[in-house]
Amino acid sequence: MCLIFRVGNNYYMSSTIMHMSPGVPIMKSTNLVNWEIISYAYDTLANLDELDLENGKSTYEHGSWASSLRYHNGLFYVSTFAQATDKTYVYTTNDIERGPWKVAAFKPALHDHSLFFDDDGKVYMITGSGRLRLVELDNIDNDVFGIKQGGIDQVVIENASLPSGVVQVCFI
């Protein structure tokens, strides 16, 4: 997932580097053509043999995926998930170039999500591929802590790939 937005004269976006650390590179541009890496959301995702490439284990393709970058009320938010840890991560900072980044992690790993701040102060993640869900999160003092108990958790699109229809491939 890639989202580009502007704060002042600068454009920002995040990316995914899967199983490598540091993780979730943050990039900046002033013209949408030339980009530079200015930060990473984390140095180490977690201390697991799979992520540390120890004891013959690896987590190729199971590190952090599909980051979502947002700016809301003076804070930058980067969210991602990892299959290796089965967690969703939300990193926050008020200084996107120098950090520090504060992390909140919770289970389960919400696959291919996007962080959404509603006008009423509630925070959600839209998550999934094909079947999309809207999940309400706890939000205390701009720190996202996890799925809100008793909050909204509902399917908003049953089959997001339906509009594309069936793809037929023809080889000559």
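Before any of the text, the structure's been laid out above.
Draft legend 1. Structural detail: the sheet that holds strand 1 (residues 5-7). Pairing is antiparallel across the open sheet formed by 4 strands, whose spatial order is 1-2-3-4. Of all strands in the sheet, those bounded by a partner on one side alone are strand 1 and strand 4 (36-42). Going across the sheet, the axis of each strand differs from the next one's by a mean of 35 degrees, ignoring polarity. Sheet topology note: the strand 1/strand 2 (residues 10-14) ladder contains 3 bridges and is antiparallel. Residue pairing in the sheet places Arg6 in a bridge with Tyr11 of strand 2.

Draft legend 2. Structural view of the packing of aromatic side chains. Here the structure, examined in full by the defined rule, presents 8 aromatic pairs. Pairing Tyr71 with Phe76 gives two aromatic rings, centres 4.6 Å apart and planes at 50 degrees, and the pair type is tilted. With relative accessibility at 5%, the residue Phe76 sits in the buried group. Judged by centre distance (6.2 Å) and plane angle (15 degrees), the ring pair of Tyr89 and Tyr91 falls under stacked. The exposure class assigned to Tyr89 is buried, which follows from its relative accessible area of 5%.

Draft legend 3. Looking closely at the pattern of salt bridges. Taken as a whole and assessed by the stated rule, the structure comprises 5 salt bridges. Among the salt bridges present, the one from Arg98 reaches Asp95, with a minimum N-O distance of 3.3 Å. Glu136 serves as the salt-bridge partner of Lys148, at 3.6 Å between the closest nitrogen and oxygen. Here the residue Lys148 occupies a position in the loop between strand 12 (143-147) and strand 13 (153-157), and Glu136 occupies one in strand 11 (residues 132-140), the gap between them amounting to 12 residues. Given the relative accessible area of 35%, Lys148 is considered partly exposed.

Calculation rules
- Residues numbered from 1 in each chain as written.
- Predicted model: local features only at pLDDT ≥ 70, side-chain atom pairs only at ≥ 80, totals over all residues.
- Heavy atoms only, no water.
- Pairing = 2+ DSSP bridges.
- Helix = DSSP H or I, 4+ residues; strand = E, 2+ residues; numbered from the N terminus.
- Axes fitted to C-alpha atoms, helices over the stretch in contact; angles between N-to-C directions.
- Phe/Tyr/Trp six-rings, centres within 6.5 Å; stacked < 30°, edge-to-face > 60°.
- Buried < 20%, exposed > 50% of the residue type's maximum accessible area, 1.4 Å probe, protein only.
- Salt bridge = Lys/Arg side-chain N within 4 Å of Asp/Glu carboxyl O.

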